[in-house]
Amino acid sequence: MTRTIIYNVRGVAHIYQRGLNMSVIFYSAKDILVFYTILFRLKKKYNITVLGVVCMYNHYHLLITSSSQAVISRFMCELEATYSREFNKDAGIKGHVFEPVYGLSNKIGYKKQKDAASYLYNNPVEKQLSAKAIEYRWNFLAYALSDHPFSEKLVIRKSSKLMRQCIQEVNCVFRLGHHINHAFLRKWFACLSVKEINQLIDYIITKFKVVDYEKTLHLYKSFEDMLLAFDSTTGSEHDLKEEYSDKSYRAYNSLLSSLSREYGFNNPKDVLRLSPENRRDLCDILIKEQPVSRFIAETLLHIYVPKVKHK
């Protein structure tokens, strides 16, 4: 991947990447956990410091520091190649998952770094996926305060035998220095209750701790000050060229539920196994049956979306 903007080691790199043709890259919690644990493994391998990460449906943001541009390039190449292999294997397809070039913006100075953090952590608020930054699970902000922000506290000795077995396997993957793949997650989720699945998700996110919250907090007086800053402003990133997408991403939630509930896709990503013609037919049906835009339906089904330039 060739970069036109070179990372400055005095600052923080805000990296932005989207799915190919703005298509969805995260269909479920499983996808995000695979990406997250790959990120954990590679940040250790390349000695990257992560100040923030947010996973949206069709893109992600990273706020990182590194020793050089070359390290960032190798890190990004392996991150995207590894996730693409896992994504395609799970979907039973081939092809590119991400755009060929990611966006990188240098942030030098506290003001620009704080604006970048606000922009990243508030992305789900901007896309109407949560009312506040801390309420969105997949920006991982709530994990700075708790090891179980979205589930009941896990007491392993009081857990079911199946839950204890899952925890043991998570710990084994962690000790071996591997990332968690879809096969593990499918097996674990299939044998656990909804309550236990949420406990397991929180356990994995806490075990594979990606974000260095202490270094992120150095930009602010306190965690409360940081939350107040996030709630007061969304930040701005004029030097990152994000192309058009719908203002709200909430429709992705309803479409994914429909694929499972009404169309029999146990794994919503299985829709990508359909032929292009069948996906276009399904796209037209979804648009007729639900109040969703063509952009949302087409990017969910990986149908080519013409790029629209900002005016």
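Because the structure is a prediction, the values reported are computed rather than measured. (Residues numbered from 1 in each chain as written. Predicted model: local features only at pLDDT ≥ 70, side-chain atom pairs only at ≥ 80, totals over all residues. Heavy atoms only, no water.)

1. Topic: the nonpolar core
Within soluble globular proteins, side chains that are nonpolar generally end up buried alongside one another.
Part 1: Ranked by size, the top nonpolar core spans 101 residues in total, and within it Leu62, Phe75, Leu79, Trp138, Phe140 and Leu200 carry the most contacts.
Part 2: For leucine 79, the contacting residues outside a window of four places in its chain are Phe35, Ile38, Leu39, Leu42, Tyr60 and Leu62. (Core = buried A, V, L, I, M, F, W, Y, C linked by side-chain atoms within 4.5 Å. Buried < 20%, exposed > 50% of the residue type's maximum accessible area, 1.4 Å probe, protein only. Contact = heavy atoms within 4.5 Å.)

2. A word on helix H2 (residues 69–91)
Part 1: Between the first and last C-alpha of H2 there are 32 Å, a value that for 23 residues agrees with the 33 Å anticipated at 1.5 Å per step.
Part 2: At the N-terminal boundary of H2, the capping side chain belongs to serine 68, with an oxygen 3.4 Å from the backbone nitrogen of alanine 70.
Part 3: Among the residues trailing H2, glycine 92 stands out with phi positive, at a value near 70 degrees. (Helix = DSSP H or I, 4+ residues; strand = E, 2+ residues; numbered from the N terminus. Expected span 1.5 Å × (residues − 1). Polar contact = N/O pair within 3.5 Å; in protein donor to acceptor, adjacent residues only side chain to side chain.)

3. Some points on the packing of aromatic side chains
Part 1: Tallying each qualifying case throughout the model produces 21 aromatic pairs.
Part 2: Pairing tyrosine 60 with phenylalanine 98 gives two aromatic rings, centres 5.9 Å apart and planes at 85 degrees, and the pair type is edge-to-face. One end of the pair, tyrosine 60, is in strand E3 (residues 59–65); the other, phenylalanine 98, is in the loop between H2 and strand E4 (103–107), with 38 residues separating them in the sequence.
Part 3: You can call tyrosine 60 buried: its relative accessible area is 0%.
Part 4: Overall, the relative accessible area of 6% leaves phenylalanine 98 in the buried class.
Part 5: On the numbers, 5.2 Å between centres and 25 degrees between planes, the contact of tyrosine 121 with phenylalanine 230 is stacked. In this pair, tyrosine 121 is assigned in helix H3 (residues 110–121) and phenylalanine 230 in helix H9 (residues 223–232), connecting sequence segments 109 residues apart. (Phe/Tyr/Trp six-rings, centres within 6.5 Å; stacked < 30°, edge-to-face > 60°.)

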